[in-house]
Amino acid sequence: MLPSSLLHFSSKHRNNDSISNYSSYIDTIEDALRALSLLLPGRFEDSDLCSQAVLAGLNLVSLYHTKFLVRKSHHLKSNDSSENETVVESFNAQFSRNNESNWPSKTASSVLSVISYTEVLVEMLLNRKVSKSSKWKFIASLEGLKGILRIIIFYGTRRKMILHPTHFIRNVDTVSLEVANDEKFELTSLDPRTGTALSSTQAAIEQINSSRHTGIRGWAHLGELLWIVRPFVYAWMIYLRQKREQKHDLIRVKAKRESEMEESDEEEDESIEKDDEGSWKPWLVSLSIDIASRIARNMQPMSPLEREESKRRDYLFIYYLFRGPLYLKFTRLVLDAFCDATEHRPLISVITAAINDYRPFWEDSYFYTAGS
C-alpha cells in the first residue's frame, strides 16, 4: 500500500514544488500497480483474487489522484488572470456543476464510484465463503443499493442523464497540472473489471453543451428509470431462481443414496459460476428492458455528452454475449474452439493464453460483465 506521506499531502506539501514532486510520482505508482495486476492472472493459485485486489487498490488510488489533480488544476487556472475564459463545458465541468452544490448527489456519486471499483473483488471473496443463493442475495442487494444511488443522482441533478463515470475523469498532465489538449482518460476505466470503457472523444467533450434544459422528460424519463432498475431486476430474478433450486436440491438430496450424492457433488464441482445464470427468462427480461430503455431515451434530443453516454450504453449490449445461457450455449463453445485451434500456434498462442488466463474473471463473476 502507498505510504501515508504520499496520500496525506495536504498537511505536509503546501508549496507548489512539493505538490509538483508528488504529482510526478503519480504515473509511476499507477503504472507499476497496473502492470502487476495484468501479470498476476494465471500465475499461481488464487492469483486471480490477488490481481483483482491490486486492481481495486489501483482504482481507489487513481480515483483519489484524479480528484486531486483536477481540483489543483482548476485552482491554478482560476488564479491565472491571463487565462482566457471559454464557454466550453467539458465532462468535468458538468460533473462539478451538477454535484458541487448538491451534497446528496455528490455523496451518492462517490459511494457509487467506490462500489463499482470494489464489487468484483467482493464477489470473488463471496464465491469462496458463502453459498450461491447467499451470493446472489448479496448481488441483488448491492444492485438495489446502486439503483437507489443512481436515483438520488438522477433527481439531484434535475433529471439529467447519468453520465459514466460518476467522478472526475483524468484530463490533467501529472507534471505541469495543465489540462491536456487531448483528454487523458483513466486507463483503469478501460478495463471491464472497473466498469466499462469510456467512448468519449475530445471533440465531443469540448462541444458546448447548448441544451441545458431542465432535464429529460416523458418517454426519455421512463427510459432512464428502466436503465437504472434493469440490473436489480436481472439479479433478483436469478436470486429467486437460485432459492427455488436450493429448496428442490434439499428435497432431492434427502431421497438419494449417499453414492448418488457424491456423484452429484463431483458434477457440480466441474461447473462454472455462469451456470447460475443459465435460465433464459432473466436474460430475456434484462435484454428487453435494455432495448426499451434505448428506444425511450432516443425520443428526446440529447446534449453532446448525453449522446456519448448513449453510445457507451449501446456498447454494453456486447456483454450479453458473455452473460447467461447465450454464453453457455454459444460464446463459450466458440472460445473453446478458438483456443483449441490456436493453442500451439506461434504468436497467436499469446492471445489464446491471455484469454485462458482471464476467462475465470467473466466466468466466475457476475459484476465483470454486468455493465452496471
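Residues numbered from 1 in each chain as written. Predicted model: local features only at pLDDT ≥ 70, side-chain atom pairs only at ≥ 80, totals over all residues. Heavy atoms only, no water.

Participant: How do you make sense of the overall build of the chain when you look at a structure like this?
Facilitator: Counting its secondary structure elements, the chain contains 13 helices and zero strands. Listed by position from the N terminus, the elements making up the chain come as α-α-α-α-α-α-α-α-α-α-α-α-α. Taking all 372 residues of the chain together, 47% fall into the buried category. Sequence separation of 24 or more characterises 80% of the internal contacts of the chain that already satisfy a separation of 6 or more. (Helix = DSSP H or I, 4+ residues; strand = E, 2+ residues; numbered from the N terminus. Buried < 20%, exposed > 50% of the residue type's maximum accessible area, 1.4 Å probe, protein only. Contact = heavy atoms within 4.5 Å.)

Participant: What am I meant to see in unusual backbone geometry here?
Facilitator: The general pattern is negative phi for most residues beyond glycine and trans for most peptide bonds. Of note, the amide linkage connecting His164 to Pro165 takes the cis form, showing an omega dihedral of 0 degrees. Along the chain, Pro165 falls in the loop between helix H6 (132–156) and helix H7 (202–205). Despite not being glycine, Arg159 shows a phi value in the positive range, around 60 degrees. Secondary-structure assignment places Arg159 in the loop between H6 and H7. Look at Leu347: it is not a glycine, yet its phi comes out positive at around 65 degrees. Tracing the backbone through its elements, the reader meets Leu347 in the loop between helix H12 (324–342) and helix H13 (348–364).

Participant: Sorry, what's going on with the packing of aromatic side chains here?
Facilitator: Both the distance between ring centres and the angle between the ring planes are used here to describe each pair of aromatic rings. This model, assessed by the stated rule, comprises 14 aromatic pairs. An angle of 70 degrees between the planes, with centres 5.0 Å apart, marks the rings of Phe95 and Phe168 as edge-to-face. Taken together, the residues span a long stretch of sequence, with Phe95 in helix H4 (residues 91–99) and Phe168 in the loop between H6 and H7 at a distance of 73 residues. For the pair Phe95 and Phe168, one class covers both residues: buried. (Phe/Tyr/Trp six-rings, centres within 6.5 Å; stacked < 30°, edge-to-face > 60°.)

Participant: How should I be thinking about the packing of H12 against H13 in this particular structure?
Facilitator: The relative placement of two packed helices comes down to the angle between their axes together with the axis-to-axis distance. One way to put it is that H12 packs onto H13 with a least axis distance of 9 Å and a crossing angle of 150 degrees. If you check the angle between H12 and H13, you find them roughly antiparallel. Crossing geometry of H12 relative to H13 is assigned as left-handed. Of the residues in H13, those touching H12 at Tyr327, Arg332, Leu335, Asp336, Phe338, Cys339 and Thr342 are Ile348, Ser349, Thr352, Ile355, Asn356, Arg359, Trp362 and Glu363. Looking at the contact of H12 with H13 residue by residue, the classes come out as seven nonpolar, four polar and four charged. (Axes fitted to C-alpha atoms, helices over the stretch in contact; angles between N-to-C directions. Parallel < 35°, antiparallel > 145°, perpendicular 65-115°, else oblique. Left-handed = near helix turned anticlockwise from the far one by under 90°. Nonpolar A, V, L, I, M, F, W, Y, C, P; charged D, E, K, R; others polar.)

Participant: Looking at this structure, how should I read the nonpolar core?
Facilitator: Within soluble globular proteins, side chains that are nonpolar generally end up buried alongside one another. By size, the foremost hydrophobic cluster in this structure holds 36 residues, and its most contacted members are Trp136, Ile139, Ile162, Ala235, Trp362, Tyr366 and Phe367. Looking at this core, the elements that each hand over two or more residues are helix H3 (47–79), helix H5 (103–129), H6, helix H8 (218–255), H12 and H13. (Core = buried A, V, L, I, M, F, W, Y, C linked by side-chain atoms within 4.5 Å.)

Participant: Could you clarify how one ought to interpret the packing of H5 against H6 in this entry?
Facilitator: Following both chains from N to C, one finds H5 and H6 inclined at 165 degrees, their axes separated by 9 Å at the closest point. Taken as axis vectors, H5 and H6 run roughly antiparallel relative to one another. Of the two elements, H5 crosses H6, and the hand of that crossing is left-handed. Between H5 and H6, the contacting residues are Pro104, Ser105, Ala108, Ser109, Val111, Leu112, Ile115, Glu119, Val122, Glu123, Leu126 and Asn127 on the first element and Lys135, Phe138, Ile139, Leu142, Leu145, Lys146, Leu149, Arg150, Ile152, Ile153 and Gly156 on the second.

Participant: What should I look at first to understand the environment of Arg170 in this one?
Facilitator: Examined against the element boundaries, Arg170 turns out to sit in the loop between H6 and H7. Overall, Arg170 belongs to the buried group, its relative accessible area being 2%. Residues Arg170 and Ser62, spaced 108 residues apart in sequence, show a C-alpha to C-alpha distance of 9.0 Å.

Participant: In this structure, what is going on with the confidence of the model for the chain? I would like to understand it.
Facilitator: Here the chain averages 77 in pLDDT, and 70% of its residues register 70 or above. Overall, residues 81–88 carries pLDDT values under 50, and its contacts beyond four positions in sequence, including any with other chains, amount to five contacts. Under a pLDDT of 50 for its full length, residues 181–211 has, in the predicted model, 93 contacts with residues more than four places off or in other chains. (pLDDT = per-residue confidence, 0-100.)

Participant: Looking at this structure, I do not really get H5. What am I missing?
Facilitator: Counting along an α-helix, one turn takes 3.6 residues, and residues three or four places apart therefore face a common direction. Between its first and last C-alpha, H5 extends 36 Å over 27 residues, near the 39 Å set by a 1.5 Å rise per residue. A maximum bend of about 45 degrees is found in H5 at Thr118. (Expected span 1.5 Å × (residues − 1). Bend = angle between axes of the 7 residues up to and from the residue.)

Participant: Would you mind going over a nonpolar patch on the surface with me for this structure?
Facilitator: A cluster of nonpolar side chains, namely Trp219, Leu222, Ile291, Ile295 and Met299, defines an oily patch on the protein surface of about 530 Å² accessible area. Relative to the assigned elements, Ile295 resides in helix H10 (residues 280–297). (Patch = residues over 30% accessible without salt bridge, like charges linked within 9 Å, V, L, I, M, F, W, Y side chains within 5 Å. Areas by Shrake-Rupley, 256 points an atom, 1.4 Å probe, with all protein chains shown as cover. Salt bridge = Lys/Arg side-chain N within 4 Å of Asp/Glu carboxyl O.)

Participant: Just checking my understanding: could you explain the pattern of salt bridges for this structure?
Facilitator: Any two side chains of opposite charge can pair, on the condition that their charged atoms come close. For the coordinates displayed, the defined rule picks out 13 salt bridges. Asp290 is the salt-bridge partner of Arg230, the closest N and O atoms lying 3.6 Å from each other. Placement of Arg230 in helix H8 and of Asp290 in helix H10 is noted, with a sequence separation of 60 residues between them. Three or more residues are tied together by salt bridges with common partners; here these are Glu224, Glu309, Arg312 and Arg313.

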